[in-house]
Amino acid sequence: MMPLPKICAAELMTENPRTVRVDDPIGEAVNVLQTMDFRHVPVVDEQGELVGMLSDRDLRALQSPHAEDTAEVGAAPRKARAPVSTIMSGNVVSASPDADVTELMELMLDNKIGALPIVDGEGALVGIVSYVDIFRGLLREE
């Protein structure tokens, strides 16, 4: 296999990504993902610290295949008002801005995730890298 070009997360990431707060309603997070055409959004607490990730996969898990069932009809509005914390992934896998592209790809593959929040030395969220960002970066290098 050919070695990959040396590209770091800082070169690939979207800086200052859109976030949602841990106590925001799920309906608001759905709106962010749909209107911004994102598949992943970092979740932060009141201090702006990264505490989770929310993906379109998390939201799909809310949708029941039997939404017509009478028990489910009234549940959708309640779910939309529930806090993001009830469905987010809390065990956040992240990387540093100087992580190279190979490390990013290994983290995504090993953890079966499509995006990584990028955090600085103090743990502050500085960006996000998705698999699409990696593809674009590799194609640019060709």
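Numbering of residues starts from 1 in every chain and runs along the sequence as written. Local features are withheld for residues below a pLDDT of 70 in this predicted model, meaning they are given only at 70 or higher, and side-chain atom pairs are given and counted only at 80 or more; totals for whole chains, interfaces and linings count all residues. Derived side-chain values reflect all non-hydrogen atoms in the structure, with water molecules and hydrogen atoms excluded from consideration.

Engineer: Is there a simple way to think about the overall build of the chain in this case?
Structural biologist: For the chain, the count of helices and strands is seven helices and six strands. Secondary structure elements are defined from DSSP: runs of H or I of at least 4 residues count as helices, runs of E of at least 2 residues count as strands, and each element is numbered from the N terminus. Each helix (α) and strand (β) of the chain, taken in turn from the N terminus, gives the series α-β-β-α-β-β-α-α-α-α-β-β-α. Exposed residues in this analysis have more than 50% of their type's maximum accessible area, buried residues have under 20%, and partly exposed residues fall in between, with area computed by a 1.4 Å probe over protein chains only. The 142 residues of the chain split such that 35% are buried. Only the protein chains shown count as covering a residue, and every accessible area follows the Shrake-Rupley method with a 1.4 Å probe. Accessible area of the chain: about 8,700 Å², with a carbon and sulfur share of 53%.

Engineer: Would you mind going over the packing of aromatic side chains with me for this structure?
Structural biologist: Aromatic ring pairs are reported here in terms of the distance separating the ring centres and the angle at which the planes meet. What counts as a ring pair is set by centres within 6.5 Å for rings of Phe, Tyr and Trp (its six-membered ring), and what kind of pair is set by the plane angle: stacked under 30 degrees, edge-to-face over 60, tilted for all other angles. Summed over all chains, the structure comprises one aromatic pair. Ring geometry for Tyr 131 against Phe 135: centres 5.8 Å apart, planes inclined by 75°, an arrangement best described as edge-to-face. Of this pair, Tyr 131 and Phe 135 are both found in helix 7 (residues 131-141), four residues apart, which corresponds to roughly one turn of the helix. Judged by its relative accessible area of 51%, Phe 135 is exposed.

Engineer: Help me out: how do you make sense of the confidence of the model for the chain in this one?
Structural biologist: Predicted coordinates in regions of low pLDDT should not be interpreted in detail. Per-residue pLDDT for the chain averages 86, and the proportion of residues at 70 or more is 87%. Residue range residues 67-75 is modelled with pLDDT below 50. Its contacts to residues more than four positions away, or to other chains, number six contacts. Within a predicted model, pLDDT stands for the predictor's per-residue confidence, ranging from 0 to 100. Whether two residues are in contact is decided by their heavy atoms: any pair within 4.5 Å suffices.

Engineer: Can you walk me through the sheet that holds strand 4 (residues 50-55) in this structure?
Structural biologist: Two modes of strand pairing occur in sheets, parallel and antiparallel, and in both the strands are linked by backbone hydrogen bonds. Strand pairing is assigned whenever DSSP detects at least two bridges linking the two strands. Reading across from one edge, 2-3-4 is the order of the three strands in this open sheet, with mixed pairing throughout. Two strands bound the open sheet, and with one partner strand each, they are strand 2 (20-21) and strand 4. Here strand 2 runs beside strand 3 (residues 40-44); their pairing, made up of two bridges, is parallel. Opposite Arg 21, over in strand 3, you have Val 44 as the bridge partner.

Engineer: When you look at the environment of Lys 6 in this model, what are you seeing that I'm missing?
Structural biologist: With respect to the helices and strands, Lys 6 occurs in the segment before helix 1 (9-12). Remark: the alpha-carbon pair of Lys 6 and Asp 100, spanning 94 residues in sequence, is separated by 6.6 Å. The contact partners of Lys 6, leaving out residues within four places of it in the chain, are Glu 11 and Asp 100.

Engineer: Is there a simple way to explain the pairing of strand 5 (residues 115-119) in this structure?
Structural biologist: As a general feature of sheets, a regular strand has side chains that alternate between the two faces. Burial of strand 5 is extensive: five of the five residues sit out of reach of the surface. The loop that links strand 5 with its antiparallel partner strand 6 (residues 125-130) comprises five residues; one of these, Gly 123, has a positive phi angle of about 85°.

Engineer: Looking at this structure, how should I read the pairing of strand 3?
Structural biologist: In terms of residue burial, strand 3 counts as a mostly covered element, since five of its five residues are buried. Side chains of strand 3 alternate between two faces, with His 40, Pro 42 and Val 44 and Val 41 and Val 43 buried alike. Bridging between strand 3 and strand 4 involves five bridges; their strand directions are antiparallel. In the sheet register, Val 43 faces strand 4, and the bridge partner there is Gly 52. Where strand 3 folds back onto strand 4 in an antiparallel hairpin, the turn is made up of five residues, including Gly 48, whose phi is positive at roughly 85°.

Engineer: Just to check I follow, could you spell out the side chain of Asp 133 for this structure?
Structural biologist: For Asp 133, the position within the fold is in helix 7. Since its relative accessible area comes to 12%, Asp 133 is described here as buried. Polar contacts involving the side chain of Asp 133 include one to the main-chain amide nitrogen of Ser 130, which spans 2.8 Å. Setting aside its immediate chain neighbours within four residues, Asp 133 contacts Leu 12, Thr 14 and Ile 128. In protein, a polar contact requires one atom able to donate a hydrogen and another able to accept it; more generally it is a pair of N or O atoms within 3.5 Å, and residues adjacent in sequence count only if both atoms are side-chain atoms.

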